[in-house]
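Observations on the three-dimensional arrangement
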Number of protein chains: 2
Amino acid sequence: MYNIGFIGLGRMGQAICLRLLSHDIILRVYNRTPEKATKLLDKGAVWCNSPAELGAACDIIMLCLSGEQVTEALLTDSENGLLRHCHPGCMIIDTGTISPESATYNAHLTETQGQEYISCPVSGGVEGANNGTLAAIVAAQPAVRTIIESVISRFADRITWLTSHADAQKLKIINNLAESINLLGAFEVLNIGLTHGITLDELHSVLTTCRGRSAYMDVALRFLNSNLKPSDVSLAVRCKDLCLAGSLADISRHYPISDAAIELFSRVREKYGDEQDQCEYFNFINEEKKLNDN
Amino acid sequence: MYNIGFIGLGRMGQAICLRLLSHDIILRVYNRTPEKATKLLDKGAVWCNSPAELGAACDIIMLCLSGEQVTEALLTDSENGLLRHCHPGCMIIDTGTISPESATYNAHLTETQGQEYISCPVSGGVEGANNGTLAAIVAAQPAVRTIIESVISRFADRITWLTSHADAQKLKIINNLAESINLLGAFEVLNIGLTHGITLDELHSVLTTCRGRSAYMDVALRFLNSNLKPSDVSLAVRCKDLCLAGSLADISRHYPISDAAIELFSRVREKYGDEQDQCEYFNFINEEKKLNDN
């Protein structure tokens, strides 16, 4: 029987929790906004009133938080901090995409307390979590991999194992940079096609079978086919990830397509705001066209 | 028994011919440079001394040529032109990526002669042809689709059927634009990863399972994993395709990522020349870095 704790019940966190709920797991949950736990409690999750309470009760704790400051505060808070309440040997699996420095720092702090930090950024969105088809990039000591895998494999079907926490985050950050470029390109070519009166069905057929295809072409096609249903990545998150990429390399000097992508997403965020979806780029193209043509 | 003719024996043409050679096909071939037919003749193909000779002997003729001027000349040459030598009802399957206008013009001319023109741009490269896994975008009248499919399915396993020749080419052109953007992005993120000492195996594992994945990420990874073996798309062909994209839309005004891709590939071609592979972009990044840092 696993005693698993989960902190951070946004859409992704909830989707992963739903995959974890099963007969052989006690799932304890905590979230700053308790309302987000309602659905999970209905399905058998157990509410904890604080990270401290959760930490004291669990062998494995998963974090699905929105930024490295939040994560660091949660781990080290002088009163409620996880690290002072978890027992030795506890494993903390952090699914966040954060800077390599922050991941290394968290791992060091955790180890100092006799606990285990596992970097586990995941890719595939809420849909991938729902289907148990996320891809996970996992930095963990070999000794804990078997037990970690038995948990992660409930929501991810592809795992890349690493030992360096910094490398795990670097890989996730450059993956997300490729996503950004592919998404912008996908919306531009789809826009050109639609402008020429080509149907979405025809575009879908060609752009999922020919070599212009990509995982993010699928995201763009789904957005257009679903009457603009959001992709669950906000412009704030997209720009946060691109900012992390900017700290890995001198992008404006050496990587021109990446540089164009970073500049564009920052313009889109400026126009639509943090909370809007990354797929707003499609509307951005159309609105800029109108502005330019007037 | 099919009587099939094939004109244009570059690497792609030869790969498709090898898929066509079988017990129930007589395959007649012609190429401006006869040496390129040697391997095919060894395997049972029949040489023709001119397009005219080939045209007179075949029911179905496939073209795999390098540009729309060459295609138009081959069809309409006053002495050797295919259209004056093919018999009525002959079907001409053109695998080339050409402008929508040129495809429409070819179809009109061919129809006027009582023959059938089929636009059939293909995606997937020489490797896809070798494996019979090309994706084909096919504009053809419904009446000839069954017979056409029996031929195309020998080298392509995914077909998008259309009736408009212009739309078939537009779809291929925007697909190729997406390829271009994805390739540049792929090489940039791989370069960032390698610069940080991340191994190609780790990059491969993450970038083929996480959502930064794309068909052209695979092309970039194969290039780096194969000791820089070319991808069989020259810079001249890449830039020709991007030039066709430029004729579909006011790219510099409305599509910034596409615009950056077009400008970059034109700089790469200027630096390395027409015949070099599109994957030279990886070397371009490294050399520009050195120049910028001195």
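Residues numbered from 1 in each chain as written. Chains lettered and ligands numbered in written order. Predicted model: local features only at pLDDT ≥ 70, side-chain atom pairs only at ≥ 80, totals over all residues. Heavy atoms only, no water.

Description of the nonpolar core
Core analysis: the largest hydrophobic core is formed by 102 residues, its most contacted members being Phe 187 of chain A together with Phe 187 of chain B. Ignoring any residue separated from it by four or fewer positions in sequence, one finds Phe 187 of chain B in contact with Ala 220, Phe 223, Leu 224, Cys 279, Tyr 281, Phe 282 and Ile 285 of chain B. With 35 residues, the next largest nonpolar core counts Ala 15, Ile 16, Val 151 and Ala 156 of chain B among its residues. (Core = buried A, V, L, I, M, F, W, Y, C linked by side-chain atoms within 4.5 Å. Buried < 20%, exposed > 50% of the residue type's maximum accessible area, 1.4 Å probe, protein only. Contact = heavy atoms within 4.5 Å.)

As for the interface of chain A and chain B
In this complex, chain A contributes 61 residues to the contact, which on the side of chain B involves 61 residues. Where chain A abuts chain B, roughly 5500 Å² becomes buried across the two surfaces, and 63% of that area is made up of carbon and sulfur atoms. At the junction of chain A and chain B, the tally comes to zero salt bridges. Remark: the boundary between chain A and chain B carries 26 residue pairs in polar contact (both at pLDDT 80 or more). Within the residue set of the side of chain A that touches chain B, elements represented by two or more residues are β8 (134-139), β9 (156-162), α9 (165-195), α10 (200-207), α11 (215-225), α13 (251-254), α14 (256-272) and α15 (281-293) of chain A. The leading source of residues in the side of chain A that touches chain B is α9 of chain A, at 18 residues. Across the side of chain A that touches chain B, the residue classes tally to 32 nonpolar, 18 polar and 11 charged. (Buried area = accessible area lost by both parts, 1.4 Å probe. Salt bridge = Lys/Arg side-chain N within 4 Å of Asp/Glu carboxyl O. Polar contact = N/O pair within 3.5 Å; in protein donor to acceptor, adjacent residues only side chain to side chain. Helix = DSSP H or I, 4+ residues; strand = E, 2+ residues; numbered from the N terminus. Nonpolar A, V, L, I, M, F, W, Y, C, P; charged D, E, K, R; others polar.)

As for the relation of the copies chain A and chain B
Between chain A and chain B, which share one sequence, the superposing operator has a rotation angle of 180 degrees and an axial displacement of 0.0 Å; the RMSD is 0.0 Å. What the superposition gives is, in effect, a two-fold axis relating one chain to the other. When C-alpha positions in chain A are compared against the rotation axis, the closest is assigned to Ser 214 of chain A, at 1.9 Å. When the interface residues of chain A are mapped onto chain B, 100% of them again fall at the interface, so both copies present the same face. (Least-squares fit on C-alpha atoms with pLDDT ≥ 70 in both.)

What to know about the side chain of Asn 31 of chain B
Structurally, Asn 31 of chain B is set in the loop between β2 (25-30) and α2 (38-42). A distance of 2.8 Å separates a polar atom in the side chain of Asn 31 of chain B from the backbone oxygen of Thr 33 of chain B.

Section: the UniProt feature "domain: 6-phosphogluconate dehydrogenase NADP-binding" (unreviewed entry) in chain A
Under the feature "domain: 6-phosphogluconate dehydrogenase NADP-binding" (unreviewed entry), the UniProt entry names residues 3-161 of chain A. In the segment residues 3-161 of chain A, helix accounts for 40% and strand for 25%; the C-alpha atoms at its two ends are 23 Å apart. (UniProt positions renumbered as here; feature names shortened; annotations may be inferred.)

Details of unusual backbone geometry
If you check the backbone angles, Asn 227 of chain A has positive phi at about 60 degrees while not being a glycine. Looking at where Asn 227 of chain A falls in the secondary structure, it is placed in the loop between α11 and α12 (235-246). The phi torsion at Leu 228 of chain B lies on the positive side, around 65 degrees, for a residue other than glycine. Assignment of secondary structure puts Leu 228 of chain B in the loop between α11 (215-225) and α12 (235-246).

So, the packing of aromatic side chains
Considering all chains together, one arrives at eight aromatic pairs over all chains under this definition. Both rings, one in Phe 187 of chain B and one in Phe 223 of chain B, keep their centres 5.7 Å apart while their planes meet at 80 degrees; by these two values the pair is edge-to-face. Of the two residues, Phe 187 of chain B sits in helix α9 (residues 165-195) while Phe 223 of chain B sits in helix α11, which places them 36 residues apart along the sequence. Judged by its relative accessible area of 0%, Phe 187 of chain B is buried. According to the relative accessible area criterion, Phe 223 of chain B is buried, its value standing at 4%. Cluster of aromatic residues (ring-pair linked, three or more members): Phe 187, Phe 223 and Phe 282 of chain A. (Phe/Tyr/Trp six-rings, centres within 6.5 Å; stacked < 30°, edge-to-face > 60°.)

Some remarks on the domain arrangement of chain A
Residue and element names in this part refer to chain A. Domain parsing of chain A yields domain 1 (4-163) and domain 2 (170-293). The gap between the C-alpha centroids of domain 1 and domain 2 is 29 Å. Contact residues are listed per partner, giving 14 residues for domain 1 and 13 residues for domain 2. Between domain 1 and domain 2, roughly 990 Å² of surface is buried when both sides are summed, and carbon and sulfur atoms account for 61% of that area. The tally of links from domain 1 across to domain 2 stands at two salt bridges. Across the pair Glu 127 and Arg 222 runs a salt bridge whose closest N-O atoms are separated by 2.8 Å. Applying the counting rule to domain 1 against domain 2 returns five residue pairs in polar contact (both at pLDDT 80 or more). Of the residues belonging to the side of domain 1 that touches domain 2, the class tally is seven nonpolar, four polar and three charged. (Domains from an automatic or database assignment.)

Quick notes on the UniProt feature "active site" (unreviewed entry) in chain A
Residues and elements named next belong to chain A. Residues given the UniProt feature "active site" (unreviewed entry) here are Lys 172. Its location among the elements puts Lys 172 in helix α9. Judged by relative accessible area, which is 5%, Lys 172 ranks as buried. The residues contacting Lys 172, other than those within four sequence positions of it, are Thr 97, Pro 121, Val 122, Ser 123 and Ile 137. Polar side-chain contacts of Lys 172 include one of 2.9 Å to the side chain of Thr 97.

What about the pairing of β9 of chain A?
All names here are of chain A. As paired strands, β8 and β9 are joined by six bridges and run parallel to one another. For Val 138, the partnering residue across the bridge sits in β9 and is Trp 161. Crossover connection from β8 via helix α8 (residues 145-152) to parallel β9: handedness right-handed. (Pairing = 2+ DSSP bridges. Right-handed = clockwise from strand over helix to strand, strands pointing away.)

Comments concerning helix α15 (residues 280-293) of chain B
Along its 14 residues, α15 of chain B runs 20 Å from first to last C-alpha, staying within 8% of the 20 Å computed at 1.5 Å per residue. What α15 of chain B keeps buried is the set Glu 280, Tyr 281, Phe 282, Asn 283, Phe 284, Ile 285, Glu 288 and Lys 289 of chain B. At its buried positions, α15 of chain B is contacted by α13 and α14 of chain A together with α9, α11, α12 and α14 (256-272) of chain B. (Expected span 1.5 Å × (residues − 1).)

A word on the pairing of strand β4 (residues 60-63) of chain A
All names here are of chain A. Of the two faces of β4, the one carrying Ile 60 and Met 62 and the one carrying Ile 61 and Leu 63 are both buried. Examined bridge by bridge, strand β1 (residues 2-7) and β4 share four bridges and lie parallel to one another. Bridged to Ile 4 within β4 is Ile 60. Across four bridges, the pairing between β4 and strand β5 (residues 91-94) is parallel. Looking at the pairing, Met 62 lines up with Ile 93 of β5.

Thoughts on the side chain of Ser 214 of chain A
Residue position: Ser 214 of chain A is located in the loop between α10 and α11. Judged by its relative accessible area of 5%, Ser 214 of chain A is buried. The contact partners of Ser 214 of chain A, leaving out residues within four places of it in the chain, are Asn 182 of chain A together with Asn 182, Arg 213 and Ser 214 of chain B.

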